[in-house]
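Structural characterization, general
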Amino acid sequence: MANTDYYHVLGISESAKAEEIKKAYRRLAKQYHPDANPNNPQAAERFKQISEAHAVLSDPEKRKKYDMMRKLGAFDPRTRTGAGSSADWARSAPGGGESFDFGDMGGLGDLFSSIFGRGKREDRRGETIETTLTVDFRTAVLGGKVPITVPITDTCATCGGNGAAPGATLTTCAECKGRGSISFGQGGFAVNRPCPACRGRGKIPSVKCPECAGAGQVRAERKLMLTVPAGSDNGTKIRLKGQGEPGPAGGAPGDLLVTLQVEPDRFFTRHGLDLECEIPLNLAQAMLGTQVRVRTVEGKKILLKIAPGTQPGRRLRIK
């Protein structure tokens, strides 16, 4: 994915506005989400590409640095993909394909490294997973713990992540010579990226693992208990550090970002932090006055005094 043009991935122009980027991401993410394409590794890989492109282009600062990177010639406008993909190509680049030092570029170097890596996959964090969770009204208001199941890519238990079938032998990757990364470049410099032939592992199995087809990873489900903060509302986002996709080759895992959707309540409606409810009265109670017990969201009942002559629609406040 590192050598693919992010604008091309989302099918948008370089001048696309934030809303266009968001709309394109939502449409493609829905189409290629692993839940909608079970047992389809191509869709899962496409979904990762879409998520990575959105993560960069939706962030103004990252997008600015990424656009600077494109202007430096890291992408070929004729193909809209990376200008090269092998060490041989990099060596043929003008200026001898000299390796480019990301560390000299400050913040821009961080973006280069996050996209292309430094030839060390263990430096890369895993992807952030985004999901939506429906919670009941009372839990959202008062807070509480809610179970959540998240589809995730996990290390294959059969091969331990090396992609080899039990008893298979591992040989040095001919493409990257066992380094786990290859270089490509244009305009006198070269950048490193994980080797696509060995998936950055530096070794090729004689027989691929039958469980994960050599990927070293499988789709699984992770069950968690999510703490919902009191006063949560529709759209509240909760980030769980380290509960996202595992990082490549043992790298740090990404995060889990949960967006809450709150179910409506039959008795209460919500306006910010205030709750409202309707109390039915008969004509005599409204004219002469009375006392009624009002249920609160905690389950307690409070005695509310109704003054004589109370009109329909009158609002009474319980602090």
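The following refers to the structure shown. Quick caveat, the model's predicted, so the values are computed rather than measured.

Glancing now at the nonpolar core. Within the largest apolar cluster, 20 residues are counted, with the highest numbers of intra-cluster contacts made by L133, V135, I148, L226, V258 and L260. For this core, the elements supplying multiple residues, two or more each, are β4 (129–135), α7 (137–142), β5 (144–155), β10 (217–228) and β12 (256–262). Ignoring sequence-local partners within four residues, the contact set of L226 consists of L133, G144, K145, V146, I148, I238, L240, V258 and L260. Core analysis: the second largest hydrophobic core is formed by 18 residues, L10, Y25, L28 and F47 among them.

A word on a positive patch on the surface. Judged by side-chain charge, R266, R293, R295 and K301 come together as a positively charged surface patch. Assignment of secondary structure puts K301 in strand β16 (residues 301–306).

Because each turn of an α-helix spans 3.6 residues, side chains separated by three or four positions in sequence point in the same direction. Here helix α3 (residues 41–57) contains 17 residues, and its C-alpha end-to-end distance of 24 Å stays within 8% of the 24 Å for a straight helix at 1.5 Å per residue. Among the residues of α3, A43, A44, F47, Q49, I50, S51, E52, A53, H54, V56 and L57 are the ones counted as buried. Here α3 starts with a cap whose side-chain oxygen sits 3.1 Å from the backbone nitrogen of Q42, and that cap is N40.

Below, the discussion takes up helix α2 (residues 18–32). Relative to the 21 Å expected for 15 residues at 1.5 Å per residue, α2 spans 21 Å between its end C-alpha atoms, a close match to the ideal helical length. For α2, the set of buried residues is I21, A24, Y25, L28 and A29. All buried residues of α2 lie within an arc of 125 degrees about the axis, which places them on one face of the element. For α2, the exposed residues lying more than 90 degrees away from the buried face are E19, K23, R26 and K30.

The next point concerns the pattern of salt bridges. As enumerated under the stated definition, the model contains 5 salt bridges in all. In this structure, the salt-bridge partner of D233 is R270, at a minimum N-O distance of 4.0 Å. Here the residue D233 occupies a position in the loop between β10 and β11 (237–240), and R270 occupies one in strand β13 (residues 269–271), the gap between them amounting to 37 residues. Between E276 and R315 there is a salt bridge; the shortest N-O distance is 2.6 Å. With E276 in strand β14 (residues 274–276) and R315 in the segment after β16, the pair connects residues that are 39 residues apart, well separated along the chain. For R315, a relative accessible area of 64% puts it in the exposed group. A network of salt bridges, in which partner residues are shared, links R239, K241 and D255.

Parameters and conventions
- Residue numbers run consecutively from 1 along every chain, following the written order of its sequence.
- The model is predicted, so local features are restricted to residues of pLDDT at least 70 and side-chain atom pairs to those at 80 or more, both for listing and for counting; the totals for chains, interfaces and linings are taken over all residues.
- With hydrogens and water stripped out, all remaining heavy atoms of the structure feed into the side-chain values.
- By convention a nonpolar core is built from buried Ala, Val, Leu, Ile, Met, Phe, Trp, Tyr and Cys residues, the set being connected through side-chain atoms within 4.5 Å.
- Accessibility here uses a 1.4 Å probe with only protein chains present; expressed as a share of the type maximum, an area under 20% marks a residue as buried, one over 50% as exposed, and anything in between as partly exposed.
- Secondary structure is summarised from DSSP: a helix means a run of H or I of at least four residues, a strand means a run of E of at least two, and numbering begins at the N terminus for each.
- In this analysis, two residues are considered to be in contact whenever any of their non-hydrogen atoms come within 4.5 Å of each other.
- Patch rule: a residue counts if its relative accessible area is over 30% and it has no salt bridge; like charges are joined within 9 Å, and nonpolar side chains (Val, Leu, Ile, Met, Phe, Trp, Tyr) within 5 Å.
- With residues, only the protein chains shown are counted as cover, and all accessible areas are computed by Shrake-Rupley using a 1.4 Å probe.
- In the sections that follow, a salt bridge refers to a side-chain nitrogen of Lys or Arg positioned within 4 Å of a carboxyl oxygen of Asp or Glu.
- Lys and Arg are tallied as positive, Asp and Glu as negative. Neither His nor the chain termini are counted.
- In plain terms, the charge of a residue is placed at NZ if it is Lys, CZ if Arg, CG if Asp and CD if Glu.
- Expected helix span is taken as 1.5 Å per residue step, with the number of steps being one fewer than the number of residues.
- By the criterion applied in these results, polar contacts are pairs of N or O atoms within 3.5 Å in which, for protein atoms, one can donate a hydrogen and the other can accept it, and in which residues neighboring in sequence qualify only through two side-chain atoms.
- Arc definition: directions from the helix axis to the C-beta atoms.

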